[in-house]
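Each chain is listed here by its residues.
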Amino acid sequence: MTDRASPPADDFAAAFQIEGWPVRGRLVRMGAAIDRILNAHAYPEPVAALLGEACALAALIGSSLKFEGRLLVQAQGDGPVRYVIADYGTDGSMRGYCRYDADAVAAASQGFARPGARSLLGQGVFIMTLDRGPDFERTQGITPIEGEGLSLCAEHFFVQSEQVPTRVRLAVGSFQTATDESWRAGGAMIQVIAGDDARGTTDDVWERSQALFETLGDDELIDPILSADRLLFRLFHEDGVRLEAAAPLQAQCRCSMDRIATVLDSFGPEERAEMVEADGKIRVTCEYCSTVYEITPDSVS
């Protein structure tokens, strides 16, 4: 396998191309970035795993965008998890958040297997939103929640909204070292390029690509010792695969004191007065990163 650039060991998204095949792919590996996002809250294990899937998926799809902006991947339903959202910026910044009912999640987790998207979210919708900034309208696609993984939701989304046959694998798990335990996440995606008069049908190649893709294990996607090069070589070594330059990922919330002050300024004086605590300060906690902002009432106009 030949590389245009060697990817970092962790926290990156990169495209890959199977030599001579009309199939394109992307790979995401997340270590410290996803650990920081998931540890911002004391999520139950199934909820953390769901949010990790959403973040890996947002990075997989968002890193392919050809414009500056943001991709929001979210799902919401009537289940124990009310909604999950992952926010990816084309600069590689990521954040995510889940809102859930702890008792309901515990009740749904009484089996041997980790409950997935359908069990946690119930009946609901999967949404992807493209935000190109204030000068453009947001574009949004919505499909029903399908199956026990967000990977199936994404596959159905691409078939219904983009008419692009797509396969997605997502994995989230904790990794134990001699000194600590940390979260890891990974994702892989392949899509077939439609046949035309020049290349003919791509059906046979797509079938073979999917068969190889099915051999990819969750443990391989999150294994910190298994490099991206070796992982792809295991999958497609008979045909060769070219890994493109990697884009870095980092956990970075977009909250700030100025943003919080702007939000508080939207409330009237009486409403802000009700927010003041006993020591005379207003405290606002970011729902994404759990940063607590302390503001004196007279600092808000």
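Attention here is on the structure that accompanies the text. Computed from a predicted structure; not experimentally measured. (Residues numbered from 1 in each chain as written. Predicted model: local features only at pLDDT ≥ 70, side-chain atom pairs only at ≥ 80, totals over all residues. Heavy atoms only, no water.)

## Details of the overall build of the protein chain
- A tally of regular secondary structure across the protein chain gives 10 helices and 13 strands.
- The C-alpha atoms of the protein chain give a radius of gyration of 21 Å, which matches the 19 Å a tight globule of 301 residues would have.
- For the C-alpha atoms alone, the extent of the protein chain along its principal axes is close to 70 × 45 × 40 Å.
- Sorting the 301 residues of the protein chain into buried and exposed places 47% on the buried side.
- A separation of at least 24 residues holds for 64% of the contacts in the protein chain among residues at least 6 apart in sequence. (Helix = DSSP H or I, 4+ residues; strand = E, 2+ residues; numbered from the N terminus. Rg over C-alpha atoms; globule rule 2.2 N^0.38 Å. Buried < 20%, exposed > 50% of the residue type's maximum accessible area, 1.4 Å probe, protein only. Contact = heavy atoms within 4.5 Å.)

## Observations regarding the nonpolar core
- Formed by 62 residues in total, the largest nonpolar core has its most connected members in Leu-57, Met-94, Phe-126 and Leu-150.
- Considering every element that reaches this core, the biggest residue donor is helix 2 (residues 45-62), with 13 residues.
- In this view, Met-94 contacts Met-30, Ile-37, Cys-55, Ala-58, Ala-59, Asp-87, Tyr-88, Leu-249, Gln-250, Ala-251 and Gln-252; residues no more than four positions away in its chain are not counted.
- By size, the runner-up hydrophobic cluster in this structure holds 24 residues, among which are Trp-21, Leu-216, Leu-226 and Val-241. (Core = buried A, V, L, I, M, F, W, Y, C linked by side-chain atoms within 4.5 Å.)

## Examining the layout of surface pockets
- Of the volumes computed, that of the largest pocket is approximately 570 Å³.
- Around the largest pocket, the lining comprises 22 residues; the ones closest to its centre are Ile-61, Ser-64, Leu-65, Phe-158 and Gln-191.
- Every element with two or more residues in the lining of the largest pocket is listed here: strand 2 (23-30), strand 6 (124-131), strand 7 (139-144), helix 5 (150-162) and strand 9 (181-192).
- Taken together, the residues of the lining of the largest pocket break down into 10 nonpolar, 8 polar and 4 charged.
- Of the voids in this model, the second largest pocket is the one considered here, and its volume is about 300 Å³. (1 Å grid on protein atoms, 1.4 Å probe; cavity = no way out; pocket = protein on both sides within 12 Å on 5 of 7 lines; lining within 4 Å. Points joined across faces, edges and corners; volume = space filled by probe spheres on them. Nonpolar A, V, L, I, M, F, W, Y, C, P; charged D, E, K, R; others polar.)

## Section: the sheet that holds strand 4 (residues 81-89)
- Spatially, the 6 strands line up as an open sheet ordered 7-6-3-4-5-11, and their pairing is mixed. Strands with a single pairing partner mark the edges of an open sheet, and in this sheet they are strand 7 and strand 11 (250-251).
- Of the pairings in the sheet, the one linking strand 3 (residues 70-77) to strand 4 comprises 7 bridges and is antiparallel in character. Residue pairing across strands places Val-73 opposite Ala-86, the latter belonging to strand 4.
- Relative to the sheet, helix 2 contacts strand 3, strand 4, strand 5 (93-100) and strand 6, its axis offset from that of strand 4 by approximately 35°. (Pairing = 2+ DSSP bridges. Axes fitted to C-alpha atoms, helices over the stretch in contact; angles between N-to-C directions.)

## So, the pattern of salt bridges
- As enumerated under the stated definition, the model contains 17 salt bridges in all.
- Across the pair Asp-87 and Arg-70 runs a salt bridge whose closest N-O atoms are separated by 2.7 Å. With Asp-87 in strand 4 and Arg-70 in strand 3, this pair connects stretches of sequence that are 17 residues apart.
- Arg-169 serves as the salt-bridge partner of Asp-218, at 3.1 Å between the closest nitrogen and oxygen. Note that Asp-218 is positioned in helix 7 (residues 218-222) and Arg-169 in strand 8 (residues 166-176), a separation of 49 residues in sequence.
- A residue is classified by how much of its surface remains accessible, and Asp-218, at 40% relative accessible area, is partly exposed.
- Overlapping salt bridges, with partners in common, bring together Glu-277, Asp-279, Lys-281, Arg-283 and Glu-294 in one network. (Salt bridge = Lys/Arg side-chain N within 4 Å of Asp/Glu carboxyl O.)

## Re the pairing of strand 12 (residues 282-285)
- The pairing of strand 12 with strand 13 (residues 292-295) spans 4 bridges and is classified as antiparallel. Each bridged residue has a counterpart across the sheet, and for Val-284 the counterpart in strand 13 is Tyr-293.
- Between the end of strand 12 and the start of strand 13, which pair antiparallel, lie 6 residues, with Ser-290 showing a positive phi angle near 70°.

## Quick word on the packing of helix 2 against helix 5
- One can describe the packing of helix 2 onto helix 5 by two numbers: an axis separation of 10 Å at closest approach and a directional angle of 35°. Facing helix 2, whose interface residues are Leu-50, Glu-53, Ala-54, Leu-57 and Ile-61, helix 5 presents Leu-150, Ala-154 and Phe-158.
- When the residues that make up the contact of helix 2 with helix 5 are grouped by side-chain class, the tally is 7 nonpolar, no polar and 1 charged.

## With respect to the side chain of Arg-26
- Following the sequence through the fold, Arg-26 ends up in strand 2.
- For the buried Arg-26, which has no salt bridge, the nearest side chain bearing the opposite charge is Glu-244, at an N-O separation of 8.6 Å.
- One polar contact links the side chain of Arg-26 to the main-chain carbonyl oxygen of Leu-60, over a distance of 3.4 Å.
- Among residues more than four places away in sequence, those in contact with Arg-26 are Ala-14, Ala-15, Phe-16, Leu-60, Ser-63, Ser-64, Gly-187, Ala-188 and Met-189. (Lys, Arg positive; Asp, Glu negative; His and termini not counted. Polar contact = N/O pair within 3.5 Å; in protein donor to acceptor, adjacent residues only side chain to side chain.)

## Concerning the packing of aromatic side chains
- Evaluation of the coordinates by the stated rule reveals 6 aromatic pairs.
- Ring centres 6.0 Å apart and planes at 35° place the aromatic pair Phe-16 and Phe-236 in the tilted group. One end of the pair, Phe-16, is in strand 1 (residues 12-18); the other, Phe-236, is in helix 8 (residues 228-236), with 220 residues separating them in the sequence. This pair shows no difference in class: Phe-16 is buried, exactly as Phe-236 is.
- Residues Tyr-97 and Tyr-288 carry aromatic rings whose centres are separated by 6.2 Å and whose planes lie at 55° to one another, so their mutual orientation is tilted. One end of the pair, Tyr-97, is in strand 5; the other, Tyr-288, is in the loop between strand 12 and strand 13, and 191 residues separate them in sequence.
- Grouped by ring-pair contacts, the aromatic residues Tyr-83, Tyr-97 and Tyr-288 constitute a single cluster.
- Geometry around Phe-136 places Arg-132 over its ring, the cationic atom sitting 4.5 Å from the centre. (Phe/Tyr/Trp six-rings, centres within 6.5 Å; stacked < 30°, edge-to-face > 60°. Lys NZ or Arg CZ within 6 Å of the ring centre and 35° of its normal.)

The values reported here are purely geometric and, on their own, carry no functional implication.
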